[in-house]
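# Results of the structural survey
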Amino acid sequence: CRCAETARLAFGDGEVFDALDYLPGDAEAQAARMEALRERIRDYTGSGNLVMVTHGEVIEALTGGRTRDGEALILDRSGDTLRAAARIAF
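Residues numbered from 1 in each chain as written. Predicted model: local features only at pLDDT ≥ 70, side-chain atom pairs only at ≥ 80, totals over all residues. Heavy atoms only, no water.

### Concerning the nonpolar core
- One finds Phe-17, Ala-19, Leu-20, Leu-23, Met-34, Leu-37, Ile-41, Val-58, Leu-62 and Leu-82 forming the largest nonpolar core, which totals 10 residues.
- Elements with a contribution of two residues or more to this core: helix H2 (27–43) and helix H3 (56–63).
- When residues in this core are grouped by element, the largest group, 3 residues, is from H2.
- Those residues in contact with Leu-62 that sit more than four places away from it in its chain are Met-34, Leu-37, Arg-38, Ile-41, Leu-75 and Leu-82. (Core = buried A, V, L, I, M, F, W, Y, C linked by side-chain atoms within 4.5 Å. Buried < 20%, exposed > 50% of the residue type's maximum accessible area, 1.4 Å probe, protein only. Helix = DSSP H or I, 4+ residues; strand = E, 2+ residues; numbered from the N terminus. Contact = heavy atoms within 4.5 Å.)

### Description of the environment of Arg-38
- Along the chain, Arg-38 turns up in helix H2.
- Considered as a pair, Arg-38 and Thr-81 are 43 residues apart in the sequence and their alpha carbons are 8.9 Å apart.
- With sequence-adjacent residues up to four places away left out, Arg-38 is seen in contact with Ala-61, Leu-62 and Leu-82.

### Quick look at the packing of aromatic side chains
- All told, the structure shown has 0 aromatic pairs when counted by the stated rule.
- Over the ring of Phe-17 we find Arg-40; its NZ or CZ atom is 3.8 Å from the centre of that ring. (Phe/Tyr/Trp six-rings, centres within 6.5 Å; stacked < 30°, edge-to-face > 60°. Lys NZ or Arg CZ within 6 Å of the ring centre and 35° of its normal.)

### Describing a nonpolar patch on the surface
- On the surface, Ile-74, Ile-88 and Phe-90 cluster together into a nonpolar patch covering about 340 Å² of accessible area.
- Secondary-structure assignment places Ile-88 in strand E2 (residues 83–89).
- Among the residues examined, Ile-88 registers a relative accessible area of 39% and is labelled partly exposed. (Patch = residues over 30% accessible without salt bridge, like charges linked within 9 Å, V, L, I, M, F, W, Y side chains within 5 Å. Areas by Shrake-Rupley, 256 points an atom, 1.4 Å probe, with all protein chains shown as cover. Salt bridge = Lys/Arg side-chain N within 4 Å of Asp/Glu carboxyl O.)

Encoded structure:
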């Protein structure tokens, strides 16, 4: 709920995407969720930036790195893996 509220306050209306929620306990479900998230990022073709608001554990599982509270992570989706291209600390 905090992530959805943050997104609404910062960007107005948005879409709830379940893969951004807290990670499930079992490894198979986590892997499926991460694949759904990678697919959404890879397949994005909109004219603007894709902005996602999520929890630190999801960012760590997706990128292998951690963020601070309130920090924005800019991802590079070129190539086979997602990598942190920049960070914005608020």
